[in-house]
Amino acid sequence: MGTRHWLPSDGRMLLIVLPMVVALFGTLANSAAVMSVDLGSEWMKVGVVSPGVPMEIALNKESKRKTPTTIAFRNGDRVFGEDAQTLGVRFPSNSFGYLTDLLGKTVDNPMVDLYRKRFPYYDIVADPVRRTVVFRSGEEQYTIEELIAQLLQVAKSYAEDSTGQLITECVLIVPGFYGQAERTALVAAARLANLKVLQLINDYTAVALNYGIFRRKEINETAQYFLFYDMGAYKTSAAVVSYQLVKDKATRETHPVVQVLGVGYDRTLGGLEMQVRLRDYLGREFNKMGKTKTDVFTNPRAMAKLFKEAGRLKNVLSANTEHYAQIEGLLDEQDFRLLVKREQFEELCKDLYERVTAPLDKALAVSGLALDVINQVVLFGGNTRVPKVQDILRTHIGQELAKNLNADEAACMGAVYRAADLATGFKVKKFITKDAVLFPIQVVFDREGESGATRQVRRTLFGSMNSYPQKKVITFNKHTDDFEFTVQYAELDAVLKGDTETLGSPDLARVRLSEVAKRLKASVADNVESKGIKAHFLLDDSGIFSLANVELVLEKTVTKEEEDEDESTFQKIGNTISKLFSGDSADKPAEEKPPTEGGAEAKEEEEPASGKEGKESAEEEQQQQQQEGKKQSAKDKEADDGAKDAKPEAGEPTDKKAADEGTEAKNATVKPKIVTLKEPIPSKVELAYVVPLDGELFDASAKRLSALDEVDKAKKRRETALNALESYVIDAQVKLDEQEYASCATETEIETIRKRCGEISEWLYEDGSDADAETYETKLEELRGVANEVYARHWEHQERPIALNALKQMINGSEGFLRSARNLTKDTNPEKDVFTAVEIETLEKAIRITVEWRDTEVAEQEKLARNAPVRLTVKDITDRMGLLDREVKYLVNKLKLWRPKVKPTPPPKPEKTTAGKKEGEQKEEASSSEEQPGSEPVLEQTPEKDADETEEGAAIDPTATQQDRTGESGDHTEL
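Residues numbered from 1 in each chain as written. Predicted model: local features only at pLDDT ≥ 70, side-chain atom pairs only at ≥ 80, totals over all residues. Heavy atoms only, no water.

Novice: Looking at this model, I keep getting lost on the nonpolar core. Mind explaining?
Specialist: In summary, soluble globular proteins display a tendency toward joint burial of nonpolar side chains. In terms of nonpolar packing, the biggest core is built from 184 residues, with F135, F228, F485 and F537 touching the most fellow members. Residue contributions to this core peak at ten residues, all from helix 3 (residues 144-163). One finds V729, C757, I760 and L783 within the second-largest nonpolar core, a separate group that totals 25 residues. (Core = buried A, V, L, I, M, F, W, Y, C linked by side-chain atoms within 4.5 Å. Buried < 20%, exposed > 50% of the residue type's maximum accessible area, 1.4 Å probe, protein only. Helix = DSSP H or I, 4+ residues; strand = E, 2+ residues; numbered from the N terminus.)

Following this line, the structure appears as structure tokens:
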């Protein structure tokens with residue numbers, strides 16, 4: 001598989017071939033790297049793709065492929081990853097981890113209570129305005145969005161270091177059970193990190209996409225079903241997906257499609273719960289030993305040590321049947337050592353193992369598929385490596401588990417492929433993803449019935465397992481005054497089974513519509529009829545719900561005469577031209593739009609609804625359409641009866657009456673044209689779930705993060721300056737002990753450098769340990785000013801032989817060219833007189849002068865000591881090489897452009913006329929012989945054609961260049 005690409009610099013064509021992913025990069029100025037972030041509860045992985053580099057995982061500063069999602073603060077310093085974990089063992093309340101499940105939740109949420117129970121040493125308070133989670137550490141407070149934003153900033157820095165480019169766009173991976181509050185909170189955190197979120201992609205969707213792009217050839221028109229099972233640190237999920245080739249109706253192109261059919265999850269079943277139980281078991285065993293009177297559960301530092309050891313022990317027991325837990329100085333300087341067997345660990349998690357298969361069964365039930373039609377059950381997620389989990393799943397499904405995915409990086413690689421697809425600087429092979437709605441969304445509003453009583457009406461917008469992104473429209477045709485409606489989750493009890501509180505508020509938004517009566521009064525007339533108020537809703541590809549717009553839809557009945565009166569001259573001209581090009585006929589009757597209430601328009605806006613939800617949402621509009629159709633039929637019948645009963649007035653001629661009756665009959669058959677008008681309705685949306693981080697609150701958070709960034713930059717600058725000064729001092733002292741450098745310095749210079757280095761060393765270990773970056777940089781410049789002269793001499797002595805050797809090769813080459821050039825003068829070769837005698841003499845003189853200069857300067861330089869000022873510098877040598885090279889290049893270019901002189905050929909002698917020839921033939925031959933001398937002369941030597949010339953008469957394909965420019969655009973990269 002290969003793709004051709006034109007580079008903009010020199011027009012050369014490169015063929016880049018990669019095994020699975022073909023990256024095609026054009027104008028680098030218009031391209032930019034993008035990244036994906038798998039921000040898990042315990043680990044963070046960053047995927048990147050950039051011009052010239054295929055998809056890969058960005059390494060952190062320790063050159064590792066994943067980073068702990070932990071951040072710690074201590075004495076004004078901020079650290080991340082493994083450094084934060086190390087600091088967290090000593091100061092647990094200053095190190096924050098497992099943060100992702102706290103996004104978008106108020107402090108009274110059950111998941112926040114569970115977090116407090118697991119980590120009792122954290123001081124969690126409520127935000128005074130939003131009531132969201134705020135961590136308090138001493139005098140400092142950090143909102144959950146601020147902590148997540150700082151982790152995303154670290155991910156961004158890893159991606160930029162990996163690609164060497166600025167990154168502003170990303171795709172973030174989220175759990176599928178994230179609701180509206182969690183998703184909007186994560187987008188706000190990304191904005192704090194100066195990142196534009198291209199999409200929030202569910203983890204199982206990203207894994208399914210990654211699985212499909214590397215098995216594209218195996219996908220065909222027959223649907224293939226797979227189940228992806230994930231057990232991570234915090235949660236467990238399962239998703240049933242299908243792969244199938246589907247033909248696009250619009251473009252007629254066939255693309256592979258991965259569609260989510262069923263999802264099941266358990267948001268508290270994961271490796272963290274196992275680790276917490278093992279931590280508590282080790283704590284109880286330590287208390288039983290009676291080594292100290294202090295309860296280990298009351299000491300935060302001891303609990304942090306136990307938690308770290310429990311994590312290590314859990315991983316080891318996945319591969320070994322038993323292992324020792326050992327901690328030095330756990331509490332009161334008492335060591336802890338305990339043998340733990342795998343059976344004991346499994347007994348601690350016995351009730352957890354009973355929940356392992358529930359998400360899988362739920363996903364199958366929702367999808368409506370049996371287990372025997374599933375091709376494979378594919379594992380991903382770090383905790384699927386636990387042997388007990390694999391045994392339970394293998395026994396439950398009755399077949400082997402597929403382990404051919406990278407359990408840690410599969411989601412990240414699928415998301416970065418999606419990021420390249422969404423970014424503007426790349427072009428990827430299309431792979432369509434269709435995600436599914438987990439929590440249905442409905443609209444609730446009040447409507448007055450026929451009896452005058454008000455009843456509550458519910459209309460489902462996005463039903464369970466409906467694919468998204470998609471748009472939906474609801475028509476309110478009974479409201480003639482300002483009103484409001486509520487958007488909320490639907491059927492949560494069936495989805496969450498009693499855990500509805502974990503999702504937060506069931507209400508999503510309250511929408512108030514204003515100026516309804518005013519717009520109706522101003523718009524409705526005799527020939528204008530209201531067709532209701534349409535509200536357009538959007539569920540984007542990130543799974544975030546929004547109200548697109550609200551509008552009043554009107555239908556205006558326009559007769560032929562009114563249309564002609566309203567139509568201006570320019571409109572008539574435009575319509576005529578339009579018909580000429582479109583092929584419309586003037587006799588073709590105008591298409592009439594049926595006077596329905598949102599039926600046709602809704603089909604344009606939204607995907608066809610399926611199942612019970614689609615029937616319920618469309619029921620009201622279908623009834624209204626039937627009523628309108630009956631009314632219209634009655635009106636038409638009355639019009640027909642009126643025309644039939646009409647009689648001619650007295651005194652009118654019979655012929656005229658007959659003519660008028662024929663005209664009326666003809667006009668009666670012409671149906672009036674119906675024009676749809678749309679009038680925007682002002683709407684105000686108030687979010688009912690967690691207040692988003694926006695406005696002044698967002699600015700305050702951004703200001704706090706900016707202050708932390710400035711502190712980090714100042715700290716990094718100081719550390720860099722200090723390291724540079726210390727390194728330079730040590731390096732200078734070492735070099736002066738070497739004869740190679742010492743011979744290039746005088747005694748005075750050596751003494752001065754040693755003295756200055758000693759002073760700086762003494763200052764660094766006494767008063768200079770707390771100096772700022774500017775002081776370190778100033779002292780470094782002072783020391784460089786003293787030592788650089790010696791370093792410069794050493795460099796000249798070291799590089800001079802190399803430069804002289806290059807000059808020698810140039811002189812030899814020039815002399816060889818001179819010998820050849822002497823044979824291309826008029827005196828030696830009249831047929832090929834390329835050069836003149838003056839040019840030959842000039843080159844000869846330049847060579848001679850260069851040789852004399854070299855010999856003289858080398859001799860003088862050798863008389864000087866190594867510590868004396870340099871006479872023959874490398875720059876002098878390169879300058880001489882430039883002068884000689886200029887003379888040679890002039891002659892070389894002249895030789896390239898030279899063409900032999902054209903010699904005219906004498907005309908051929910005319911042949912004698914024979915007696916048998918006719919007079920006409922003699923005249924033609926005479927005419928031909930007269931034209932011959934003026935014909936094109938024959939050249940002695942035909943010069944070779946340039947590679948860019950096109951032979952005369954050769955066929956040129958006018959579409960070839962256009963195809964290269966359009967089909968293989970340099971502004972895209974094909975993956």
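What follows continues from the structure just given.
Novice: Even after reading the chapter, I still don't get the pattern of salt bridges, so can you show me in this structure?
Specialist: A side chain with one charge can pair with a side chain of the opposite charge if their charged atoms come near. Tallied over the full model, the rule gives 51 salt bridges. Note that E400 is salt-bridged to R394, the shortest N-O span being 3.4 Å. Taking the relative accessible area as the measure of exposure, E400 reaches 57% and is therefore exposed. Judged by its relative accessible area of 23%, R394 falls in the partly exposed class. Within the structure, one salt-bridge network assembled from shared partners comprises D101, K105, E182 and R267. (Salt bridge = Lys/Arg side-chain N within 4 Å of Asp/Glu carboxyl O.)

Novice: Before we go on, may I ask you to explain helix 2 (residues 110-118) in this structure?
Specialist: Residues three or four positions apart in an α-helix share a direction because the helix packs 3.6 residues into each turn. Every buried residue belonging to helix 2 is among M111, V112, Y115 and R118, and all of these are buried. The arc enclosing the buried residues of helix 2, seen along the axis, measures out at 120°, which places them on a common side. Those residues of helix 2 that are buried lie in contact with strand 9 (95-97), strand 10 (124-126), strand 11 (133-137) and helix 6 (271-289). Capping the start of helix 2 is the job of one residue whose side-chain oxygen sits 2.9 Å from the backbone nitrogen of M111: N109. (Arc of directions from axis to C-beta. Contact = heavy atoms within 4.5 Å. Polar contact = N/O pair within 3.5 Å; in protein donor to acceptor, adjacent residues only side chain to side chain.)

Novice: Mind showing me how you'd approach the sheet that holds strand 24 (residues 467-468) here?
Specialist: Note: strands within a sheet are paired through backbone hydrogen bonds, in either parallel or antiparallel orientation. Taken in spatial order, the six strands make up an open sheet running 20-15-16-17-21-24, and their pairing is mixed. The open sheet has two edge strands with one neighbour each: strand 20 (374-380) and strand 24. One ladder, built from six bridges, connects strand 15 (residues 224-231) with strand 20; its direction is parallel. Of the residues in strand 20, the one forming a bridge with F228 is V378. (Pairing = 2+ DSSP bridges.)

Novice: Where do I start with the environment of R718 in this structure?
Specialist: Examined against the element boundaries, R718 turns out to sit in helix 20 (residues 695-736). Classification of R718 as partly exposed rests on a relative accessible area of 26%. Distance from R718 to D770, taken between C-alpha atoms, is 9.8 Å for residues 52 residues apart in sequence. With residues near it in sequence (within four places) discarded, R718 still touches S769, D770, A771, D772, A773 and Y776. Within the structure, R718 has its side chain in polar contact with the side chain of Y776 (distance 3.4 Å).

Novice: Where do I start with the packing of helix 22 (residues 747-765) against helix 23 (residues 773-822) in this structure?
Specialist: To characterise two packed helices, one gives the angle between the axes of the helices and the distance between these axes. Look at helix 22 against helix 23: their axes get within 11 Å of each other, and the N-to-C directions meet at 155°. If you check the angle between helix 22 and helix 23, you find them roughly antiparallel. Where helix 22 crosses over helix 23, the two elements pack in a sense that is left-handed. Residues E749, T752, I753, R756, C757, I760, W763 and L764 of helix 22 form the contact with helix 23, whose participating residues are T775, Y776, K779, E782, L783, V786, A787, E789, V790 and R793. Each residue belonging to the contact of helix 22 with helix 23 can be placed in one class, and the counts come to ten nonpolar, two polar and six charged. (Axes fitted to C-alpha atoms, helices over the stretch in contact; angles between N-to-C directions. Parallel < 35°, antiparallel > 145°, perpendicular 65-115°, else oblique. Left-handed = near helix turned anticlockwise from the far one by under 90°. Nonpolar A, V, L, I, M, F, W, Y, C, P; charged D, E, K, R; others polar.)

Novice: What exactly am I supposed to notice about the environment of L891 here?
Specialist: Mapped onto the elements, L891 comes out in helix 25 (residues 874-897). The buried category is assigned to L891, whose relative accessible area is 2%. Separated by 48 residues in sequence, L891 and L843 have C-alpha atoms that sit 8.8 Å apart. If near-sequence neighbours (up to four positions away) are discounted, L891 is found in contact with F817, F835, E839 and L843.

Novice: Please explain the sheet that holds strand 7 (residues 70-74) as it appears in this structure.
Specialist: Pairing in this open sheet of three strands is antiparallel, and the strands run 8-7-9 from one edge to the other. Each end of this open sheet is capped by a strand with a single partner; those strands are strand 8 (77-80) and strand 9. Between one strand axis and the next, the sheet turns by 15° as a mean value, whatever way the strands run. Alignment of strand 7 against strand 9, held across three bridges, turns out to be antiparallel. Of the residues in strand 9, the one forming a bridge with A72 is S95. Sitting on the sheet, helix 1 (residues 81-90) is in contact with strand 7, strand 8 and strand 9, with an inclination near 60° to strand 7. Here helix 3 sits on the sheet in contact with strand 7, strand 8 and strand 9, set at roughly 105° to strand 7.

Novice: Would you take a moment to explain the pairing of strand 8 for this structure?
Specialist: Every regular strand shows the same layout, with side chains that alternate between the two sheet faces. The side-chain alternation of strand 8 yields one buried face, formed by R78 and F80, and one unburied face, formed by D77 and V79. As defined by bridge partners, strand 7 adjoins strand 8 across four bridges and the pair is classed as antiparallel. From the neighbouring strand, F73 faces strand 8, where its bridge partner is R78. Once strand 7 ends, the chain turns through two residues before running back antiparallel as strand 8, passing N75 with a positive phi of about 55°.

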